[in-house]
Each structure stands twice: as structure tokens, then as C-alpha cells.
Amino acid sequence: MTTHIRTLRPLPTPLEATQAQLLQYARDLRRLAVAGHSDSARVDLLYRQLQLYARDLRRAYEAEQRRARELEKAYHDTVRRLVAASRYKDEETGSHTDRVSHYARALAQELGWKPAAVELLAHATPMHDVGKIAIPDAILQKPGPLTEEERAIVQRHTLLGAELLRGSASPLLEMARLIALNHHERWDGSGYPHHIRGVKIPAAARIVRLADEYDALRSPRPYKSAIPHPRACDIILHGDGRTLPQHFDPEVLDGFRRLRERFEDIYGRYRE
């Protein structure tokens, strides 16, 4: 009786290939186990077959890892280009996005996030205001208070940013989408665009919510002056009527309380 040793045939989808091949391996091994060979010959044949399977699966895995790295590199490049595009709207927004990314990284580390998740958050955070690309400059740069209509237009940047980032299989762009959509939601449900509250707000957006608020307080804008670090901390931790502690995830707020001097260092280091 002649027994043929099967090797892996590439299939279009890696997951389908693995599933189909494992089923075939099971059929092959069942046939080899009952083939008309002596015990020692059958064991040797099974051993050689398993070596081939291990080799084939390793090659398939390595090829898929290469494809995944190339795809993720393309996603990171997309993020960089979109962030760069947002900086044409307002150069201060460019330094703002850098700082908020560093604040978010520090907070996630303080809250015990795993290193891979911390880095994903840090790379996704600069996209939080990408929807402002579609907001008219006359509104973004307005030196005085916004009208109710103008404020509603600005608030749409959360929806616009999320729509821009929608539909990607990349964990990076999906996290960026969740942040863009939800980073103005508040723990007590008084935020926008959907007025969700508590743990229904994605954890990444809860972190960026506080980081974004701190930097907005510290930074000069056409409609306001910069606020010193001690006052910004007091507003976030104790409130000023407009910003209140209940707007923030209590754990994130505690993390900020412990890290506030580091926030000041980040602001000074990455200041324009």
C-alpha cells in the first residue's frame, strides 16, 4: 500500500486555509494510523508527517504575520497623514494633539493598562479631533463666543471624525474612531454627541476626555487666554461651574491627581 504525504496548499483566506488544513491533517493521520505498516514504520511515518505539518503551519503563520505588519504600517501611515491634514487648520492643534497623546499614555500606564494597549491608545489619540477638518475656519478661529448654531456645528466634529474612520479592520483606526466619537462624552451623561454615561463610554475615550480638557484649559485660543497649571488642576479636580469633577471617570480623575505634575512637564516639553 502506498501512502502519500500531503503538504499545505495555499488558500485565499488565511483563516479558511488553517481550518481546512487542520481538517485534512486529521483525515490524513487517521488513515496513516490504520495503514498496513509495522508499528515502528507507522510511528516513523506519522512523525515525518507531523514534521511537515509543523513546517507548513510555521510558514503560513510567518507569511500572515508579514502581511499583518505591512497592513498595520499602512494604517499608521494613514493616521499620520490625517493628523498632518488637521494641522493645516490650526498649528496649535498640531501641538495639542501631540500633548494629548502623551497625557493619555501616562494615564493609561498609571491605570495599569498593558503595554500594547498603552501604545495603541497613544497612536490613536492624535485622531481625536480629526473631524475638525470639516469645520469652517471662521468658526474654529472665531475670537469671540460662539452662537448656539456655531456650537452645534463644532460639536459635529465628533460624528464627522468617527465617520471618517469608520469601516477599518485595523485595531488602531477602530480605537481612533471610538475616541473621536466619544471624547466629549461625560461620566454623568451631560456630554455629546449621544449623552452616554459611565462605563458605556469607551475606556480610551474616558482617558482622552480628561487629557483633552487639561490641555484645552492650559492652551491659549482665539476666544480665551491660557490658564496656569495650578488653576487648571483645581478646575478639573474641584470644578468651576462649567467643568466639574463628575464629568470624568473617577478612576481616571484619581490617576490625574497622582500624575498632575507630570502633565505640567509634558505641557512644557511639547509646547509650541
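See the structure shown above.
Each chain carries its own residue numbering, running from 1 in the written order of its sequence. Per-residue local features of the predicted model are confined to residues with pLDDT of at least 70, and side-chain atom pairs are confined, for both listing and counting, to 80 or more; whole-chain, interface and lining totals are unaffected and use all residues. Only heavy atoms go into the side-chain values, all of them from the structure, while hydrogens and water stay out.

## Examining the packing of helix H8 (residues 171–182) against helix H9 (residues 203–218)
Part 1: For the pair H8 and H9, the least separation of the axes is 8 Å and the interaxial angle reads 55°. When the axes of H8 and H9 are compared, the pair comes out oblique. Note that H8 runs across H9; the crossing there is right-handed. The segment H8 lies against H9, with Met175, Leu178, Ile179 and Asn182 engaging Ala204, Ala205 and Val208. Here, axes are lines fitted to C-alpha atoms. For helices the fit covers the stretch in contact, and angles between N-to-C directions go from 0 to 180 degrees. A run of DSSP states H or I qualifies as a helix once it reaches four residues; a run of E qualifies as a strand once it reaches two. Both are numbered from the N-terminal end. Small angles under 35 degrees read as roughly parallel and large ones over 145 as roughly antiparallel, with 65 to 115 read as roughly perpendicular and the rest as oblique. Handedness of a crossing follows from how the near helix is turned relative to the far one, being left-handed for an anticlockwise turn of less than a right angle and right-handed for a clockwise one. Should any heavy atoms of two residues lie within 4.5 Å, those residues are considered in contact.

## Structural notes on the environment of Ile196
Part 1: Among the structural elements, Ile196 can be located in the loop between H8 and H9.
Part 2: You can call Ile196 partly exposed: its relative accessible area is 23%.
Part 3: Here the alpha-carbon distance between Ile196 and Glu185, two residues 11 residues apart in the chain, equals 6.5 Å.
Part 4: For Ile196, the residues in contact, after removing those within four places along its chain, are Asn182, Glu185, Arg186, Gly189 and Ile201. Partly exposed residues are those whose accessible area sits between 20% and 50% of the maximum for their type, while under 20% is buried and over 50% is exposed, using a 1.4 Å probe and protein chains only.

## Structural notes on the side chain of Asn182
Part 1: Secondary-structure assignment places Asn182 in helix H8.
Part 2: Polar contact criterion, stated in full: a pair of N or O atoms within 3.5 Å, where within protein one must be able to donate a hydrogen and the other to accept it, and residues adjacent in sequence count only if both atoms are side-chain atoms. Within the structure, the side chain of Asn182 is placed 2.9 Å from the backbone oxygen of Leu178, a separation counted as a polar contact.
Part 3: Here Asn182 is in contact with Ile196, Ile201, Pro202 and Ala205, once residues within four sequence places are set aside.

## So, helix H7 (residues 157–165)
Part 1: Regarding H7, the residues found buried are His157, Thr158, Gly161, Ala162 and Leu165. Projected down its long axis, H7 shows its buried positions confined to an angular sector of 130°, all on one face.
Part 2: Gly167 sits one or two positions beyond H7 and adopts a positive phi of about 90°. The reported arc concerns the directions from the helix axis to the C-beta atoms and nothing else.

## Some words on the pattern of salt bridges
Part 1: In the sections that follow, a salt bridge refers to a side-chain nitrogen of Lys or Arg positioned within 4 Å of a carboxyl oxygen of Asp or Glu. Scanning the model with the defined rule gives 13 salt bridges in all.
Part 2: Here Arg258 and Glu110 are joined by a salt bridge, their closest N and O atoms 2.6 Å apart. Of this pair, Arg258 sits in helix H11 (residues 250–269) while Glu110 sits in helix H3 (residues 91–110), and the two are 148 residues apart along the sequence.
Part 3: For Glu110, a relative accessible area of 32% puts it in the partly exposed group.
Part 4: For Asp254, the salt bridge is made with Arg257, and the minimal N-O distance between the two is 2.7 Å. Taken together, the residues span about one helical turn, with Asp254 and Arg257 both in helix H11 at a distance of 3 residues.

## Some words on the packing of aromatic side chains
For any pair of aromatic rings, geometry is given as the distance between the ring centres together with the angle between the planes.
Part 1: We call Phe, Tyr and Trp rings a pair once their centres come within 6.5 Å, taking the six-membered ring for Trp, and we label the pair stacked below 30 degrees between planes, edge-to-face above 60, and tilted otherwise. Scanning the entire structure with this criterion turns up 5 aromatic pairs.
Part 2: Each ring, one from Tyr103 and one from Tyr214, has its centre 5.3 Å from the other, and the planes form 90°; the classification is edge-to-face. Highlighted residues: Tyr103 in helix H3 and Tyr214 in helix H9, separated in sequence by 111 residues.
Part 3: Between Phe256 and Phe263 the ring centres are 5.0 Å apart and the planes differ by 80°, which places this aromatic pair in the edge-to-face class.
Part 4: Consider the ring centre and the ring normal. A charge sits over the ring if Lys NZ or Arg CZ is within 6 Å of that centre and within 35 degrees of that normal. In this structure, Arg218 is placed above the aromatic ring of Tyr267, and the distance from its NZ or CZ to the ring centre is 4.2 Å.

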